[in-house]
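Residue-level structure breakdown
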Amino acid sequence: MKRYRTDWMLRGMMAICMLFVGYVPRGSAQEDPRLWTAGPYSFSDELGGFIIRSISGTGTMQDPIILTEEFPSVTPTTLIIRTEKVTQLNPSEDAGILFYLRVRATNSSGHPWVEFEFELQEQLNVPSDYGDGLSFYQPGDKRGMIKSTGYGTFSDDFEPYDRMVFRDGKIDPGFGASFDFPIADFTPKRVFYLVQEPRIPSS
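Attention in this report is confined to the structure presented alongside it. (Residues numbered from 1 in each chain as written. Predicted model: local features only at pLDDT ≥ 70, side-chain atom pairs only at ≥ 80, totals over all residues. Heavy atoms only, no water.)

1. A few points about the nonpolar core
- In this structure, Phe-43, Phe-99, Leu-101, Phe-179, Phe-181 and Ile-183 are the most contacted members of the largest nonpolar core, which totals 38 residues.
- If you tally residues by element for this core, the top one is strand 6 (residues 97-107), at six residues.
- For Phe-181, the contacting residues outside a window of four places in its chain are Phe-99, Tyr-100, Leu-101, Val-103, Phe-118, Phe-136, Met-145, Ile-146, Met-164 and Leu-194. (Core = buried A, V, L, I, M, F, W, Y, C linked by side-chain atoms within 4.5 Å. Buried < 20%, exposed > 50% of the residue type's maximum accessible area, 1.4 Å probe, protein only. Helix = DSSP H or I, 4+ residues; strand = E, 2+ residues; numbered from the N terminus. Contact = heavy atoms within 4.5 Å.)

Right under this line is the structure:
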């Protein structure tokens, strides 16, 4: 009888140990990525490939949202942007979403960046076309709004996608660049996406 109880207790203790081995507490590295909030917007690196380090600002031209990010690779990554600001308070003054973003990108990839591309998407992995209302402020006067500390020129396209490519520069590993540009959504959605792609020399 004593031996039976001892075996039973030993099996129970082993089962408890196995439960603890497989248990990952909340708050560990497995926890959901943090949402970074500025003004009425939140930003997330939950799809992976890059890391948000800090955020500040409200989104106006005088006080842009400054998003500091680190890129450990040169693969395309996707920033998720969320907002509850989807109704027009005054159609003549508040026609959808318009905010100003400054991305401060640190190159931790080990490769020099010779270009950097941004692409807006209203649906994940689906190009944003001219008619969906989401763009880098395509109908407005953008003079002085779009600039970079690391690249001398940029080009932007509205069809068949909303893309902007910064060129004429090089960001070596361990260094960074900043990118300033407006984002507009005249048919506002609660969630949209910004694909970010540092590019390395082709040969």
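2. Regarding the pattern of salt bridges
- According to the stated counting rule, one finds eleven salt bridges in the structure shown.
- The salt bridge partner of Arg-199 is Glu-115, with a shortest N-O separation of 2.9 Å. Here the residue Arg-199 occupies a position in strand 13 (residues 191-199), and Glu-115 occupies one in strand 7 (residues 115-121), the gap between them amounting to 84 residues.
- A salt bridge links Lys-189 to Glu-122; the shortest N-O distance between them is 3.7 Å. Linking Lys-189 in the loop between strand 12 (176-185) and strand 13 with Glu-122 in the loop between strand 7 and strand 8 (134-135), this pair joins segments that are 67 residues apart in sequence.
- Residue Lys-189 is classed as partly exposed on the basis of its relative accessible area, which comes to 31%.
- Residue classification places Glu-122 among the buried positions, given a relative accessible area of 17%.
- Connected through shared salt-bridge partners, Glu-115, Glu-117, Glu-119, Arg-163, Arg-167 and Arg-199 make up one network. (Salt bridge = Lys/Arg side-chain N within 4 Å of Asp/Glu carboxyl O.)

3. A word on the side chain of Asp-180
- Turning to its location among the elements, Asp-180 is positioned in strand 12.
- At 2.8 Å, the side chain of Asp-180 and the side chain of Arg-102 are in polar contact.
- Contacts of Asp-180, omitting those with residues within four sequence positions, involve Leu-101, Arg-102, Met-145, Ile-146 and Lys-147. (Polar contact = N/O pair within 3.5 Å; in protein donor to acceptor, adjacent residues only side chain to side chain.)

4. A word on the sheet that holds strand 11 (residues 162-167)
- One open sheet accounts for seven strands, arranged 1-2-5-13-7-11-10; its pairing is antiparallel. Two strands bound the open sheet, and with one partner strand each, they are strand 1 (36-38) and strand 10 (153-157). Looking at each pair of strands side by side, their axes are set apart by 20° on average, direction ignored.
- With seven bridges joining them, strand 7 and strand 13 adopt antiparallel strand pairing. (Pairing = 2+ DSSP bridges. Axes fitted to C-alpha atoms, helices over the stretch in contact; angles between N-to-C directions.)

5. Description of the packing of aromatic side chains
- For the structure on display, the rule yields 15 aromatic pairs.
- With a centroid separation of 5.5 Å and an interplanar angle of 90°, the aromatic rings of Phe-136 and Phe-181 are classed as edge-to-face. Of this pair, Phe-136 sits in the loop between strand 8 and strand 9 (147-148) while Phe-181 is found in strand 12, placing the two residues 45 residues apart along the sequence.
- Phe-136 gets classed as buried once you look at its relative accessible area, which sits at 1%.
- Classification of Phe-181 by relative accessible area gives buried; the value is 1%.
- Sitting over the ring of Tyr-161, Arg-163 keeps its end group 3.8 Å from the ring centre. (Phe/Tyr/Trp six-rings, centres within 6.5 Å; stacked < 30°, edge-to-face > 60°. Lys NZ or Arg CZ within 6 Å of the ring centre and 35° of its normal.)

6. Regarding unusual backbone geometry
- Positive phi, normally seen in glycine, also occurs at Asn-125, with a value near 70°.
- Checked against the element boundaries, Asn-125 lands in the loop between strand 7 and strand 8.
- Asn-125 sits in the exposed class, given a relative accessible area of 64%.
- Positive phi values are uncommon outside glycine, yet Asp-168 reaches one of about 60°.
- Looking at the element boundaries, Asp-168 is found in the loop between strand 11 and strand 12.

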